[in-house]
Amino acid sequence: MARTGRTLQALDRRGPATRPVSAGVGPPASAGVGAVLDDAATLRGGLLSSTDVGSANRARLLQALVDDGPTSRADLARRINVPRATISTIVTGLLEAGVLQEDPPQPPLDGIGKPPRPLWFAPDALLCGAISVSRGSVDTAVINARGEILARGRSQISADGATGALDDEIVAAASSVLWAFRGRLTGIGLTVPALCHTDSMQVLACTPIPSLVGTRLPPLLSEAFGVPCVLEQDVRAFAVGEKWFGLGRGIPDFAALQFGVGVGAGIVLTGHLMSGRGGHSVQLGHTCVDPDGIACSCGLRGCWETLAGHRWLRNEAVRRGVPGGRDTTPKRLAGRKAAGDEAAAGLLAAYGDNLAIGMANLVQLLSLQLFIIHGDVVHAGEEFRAELQSKVVARCLPALAGDVRVEYSALDQDAGLLGAAATVLTRRLGVAP
Ligand SMILES: [Zn+2]
């Protein structure tokens, strides 16, 4: 299934458009692809001999494509500041390896000169297995480096139960989609709604699915399909997905935020995904915004999550007598506001204030320029988005707030799968974040 139209529109706003989705897949990845991945692994080690310079330039070229999207040889030469002849040598190797392909000629912007032919990832190379686990279900897909979904499936899984049994269920569910692509996958990305230690591939804590703690899914999947498997917290993978396929492309500093039961954040800073010590995710939702505030599930008081999570919204709807009470969502509040419901309008405005508090703190701390929102909030409409952006700007020092943007993610329900694939591509190609 193709990505949504909204995704493609979002990419169009940013720069070079992606081509229509290719439904077909080609032959198995060539040995050339493997050579590129081996070089990337070498480069990640950070020790370059003089003979590695060519590989380093190749990594810079791949990074430029990730950052800028489809790009011509001439523009790539300017972008990474190497001679055209060097670019041609690298590109020829990547074309022969099947990693890249040249798209049809585009009309030159100035109307004169030779029509440029954008280079972009080939649709049948660098295929990623993507697995997104949530409470009660698991989504699996095969996704290429263009972000095109070539196959997908969803299976129900036990919400509770022993860890080993859950592992077996998830491997079986994923295999039903991935098995047809065995031998052709570059790697497998696994995203979970959990605090992870990404370096050691451990799930440390998972409120929605407690039995994921202690999971052996990464080694089990790696063994089953003979490729590396990477584990990542869902919202951190969202950020990597935005960098590869969404609104974060070419943006050095941004945060993907998810507002649900909890508050999650994946922060990209100077082009790299921020991690805590040892690969821990940041716990933005548990930073204090009100010392005298509500008791949080973490045991602290006044965490941002106690004001920006669903629980606050629903409790407050009941307290204020907003119709719908416990079933309140930002989308329903926006609908009631549009129909003239002043109580709903007041609650939605207060919720926007609560979101803006934590987002403004991030601007003050890290000078972020873009927030990409995931979760239910993306259905609250353009008016709420614009108001939220204004509220964030109003809470920041003017010198920092000038170009701050708040956008809804265009990756929609596929953010977890695309994030999983982007995490694989990032690790395997040795590019940022
Ligand atoms: Zn807390």
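What comes next concerns the included structure. (Residues numbered from 1 in each chain as written. Predicted model: local features only at pLDDT ≥ 70, side-chain atom pairs only at ≥ 80, totals over all residues. Heavy atoms only, no water.)

## Describing the overall build of the protein
Here is step 1 of the chain: In terms of helices and strands, the protein carries 15 helices and 14 strands.
Here is step 2 of the chain: A buried classification covers 52% of the 433 residues belonging to the protein.
Here is step 3 of the chain: The contacts of the protein with a sequence gap of at least 6 include a subset with a gap of at least 24, amounting to 64%.
Here is step 4 of the chain: Accessible area of the protein: about 18,200 Å², with a carbon and sulfur share of 54%. (Helix = DSSP H or I, 4+ residues; strand = E, 2+ residues; numbered from the N terminus. Buried < 20%, exposed > 50% of the residue type's maximum accessible area, 1.4 Å probe, protein only. Contact = heavy atoms within 4.5 Å. Areas by Shrake-Rupley, 256 points an atom, 1.4 Å probe, with all protein chains shown as cover.)

## Some details on the coordination of the zinc ion
Here is step 1 of the chain: Those protein atoms acting as donors to the zinc ion are His286 (ND1), Cys296 (SG), Cys298 (SG) and Cys303 (SG), and they sit at 2.0 to 2.3 Å.
Here is step 2 of the chain: Geometry at the zinc ion is tetrahedral, judged from the four donor atoms that bind it and their angles of 105 to 123° at the metal.
Here is step 3 of the chain: You can call Cys303 buried: its relative accessible area is 1%. (Donors = N, O, S within 2.8 Å, 3.2 Å for Na, K, Ca; no water. Tetrahedral: all angles 85-135°; square planar, octahedral: opposite > 155°, others 65-115°.)

## A word on the packing of helix 8 (residues 234-245) against helix 15 (residues 415-429)
Here is step 1 of the chain: Closest axis-to-axis distance for the helix 8/helix 15 pair is 7 Å, and the angle between their directions is 75°. When the axis of helix 8 is compared with that of helix 15, the two are roughly perpendicular. Side by side, helix 8 and helix 15 meet where Ala237, Phe238, Val240, Gly241, Trp244 and Phe245 of the first sit next to Ala415, Gly416, Leu418, Gly419, Ala420, Ala422, Thr423, Leu425, Thr426 and Leu429 of the second.
Here is step 2 of the chain: Residue composition of the contact of helix 8 with helix 15, grouped by class: eleven nonpolar, five polar and no charged. (Axes fitted to C-alpha atoms, helices over the stretch in contact; angles between N-to-C directions. Parallel < 35°, antiparallel > 145°, perpendicular 65-115°, else oblique. Nonpolar A, V, L, I, M, F, W, Y, C, P; charged D, E, K, R; others polar.)

## A short note on the state of the cysteines
Here is step 1 of the chain: Taken as a whole and assessed by the stated rule, the structure comprises zero disulfides.
Here is step 2 of the chain: We note that Cys196 lacks a disulfide partner, and the nearest cysteine sulfur, in Cys206, lies 8.1 Å from it. (Disulfide = S-S within 2.5 Å.)

## Some details on the packing of aromatic side chains
Here is step 1 of the chain: Here the structure, examined in full by the defined rule, presents six aromatic pairs.
Here is step 2 of the chain: Ring plane angle 55° and centroid distance 5.2 Å describe the contact between Trp120 and Phe121, whose orientation is recorded as tilted. Each of the two residues, Trp120 as well as Phe121, counts as buried.
Here is step 3 of the chain: Note on Phe121 and Trp244: the rings are 5.8 Å apart at their centroids and 35° apart in plane angle, and the pair reads as tilted. Placement of Phe121 in strand 2 (residues 119-121) and of Trp244 in helix 8 is noted, with a sequence separation of 123 residues between them.
Here is step 4 of the chain: What makes Trp244 buried here is its relative accessible area of 0%. (Phe/Tyr/Trp six-rings, centres within 6.5 Å; stacked < 30°, edge-to-face > 60°.)

## Some details on the sheet that holds strand 6 (residues 185-192)
Here is step 1 of the chain: Here we have five strands laid out as an open sheet, ordered 5-4-3-6-9, and mixed in their pairing. The sheet terminates laterally at strand 5 (149-156) and strand 9 (229-233), the two strands that pair on one side only. Neighbour to neighbour, the strand axes of the sheet diverge by 15° on average, direction disregarded.
Here is step 2 of the chain: Looking at chain direction, strand 3 (residues 127-134) and strand 6 are connected through six bridges and run parallel. In the strand pairing of strand 6, Cys128 is matched with Gly187. (Pairing = 2+ DSSP bridges.)

## Looking at the sheet that holds strand 13 (residues 370-375)
Across a sheet, paired strands are connected by hydrogen bonds in the backbone, their directions being either parallel or antiparallel.
Here is step 1 of the chain: Sheet architecture is open: five strands sit in the order 12-11-10-13-14, paired in mixed fashion. In this open sheet, the two edge strands, each paired with only one partner strand, are strand 12 (272-273) and strand 14 (405-408).
Here is step 2 of the chain: Here strand 13 runs beside strand 14; their pairing, made up of four bridges, is parallel. Directly across from Ile372, in strand 14, lies its bridge partner Glu407.

## Some thoughts on the pattern of salt bridges
Here is step 1 of the chain: Evaluation of the coordinates by the stated rule reveals 18 salt bridges.
Here is step 2 of the chain: We note a salt bridge from Asp414 to Arg152, for which the minimum N-O separation is 2.7 Å. With Asp414 in the loop between strand 14 and helix 15 and Arg152 in strand 5, this pair connects stretches of sequence that are 262 residues apart.
Here is step 3 of the chain: Residue classification places Asp414 among the buried positions, given a relative accessible area of 7%.
Here is step 4 of the chain: On the basis of relative accessibility, which here comes to 32%, the residue Arg152 falls in the partly exposed class.
Here is step 5 of the chain: Across the pair Asp341 and Arg336 runs a salt bridge whose closest N-O atoms are separated by 4.0 Å. (Salt bridge = Lys/Arg side-chain N within 4 Å of Asp/Glu carboxyl O.)

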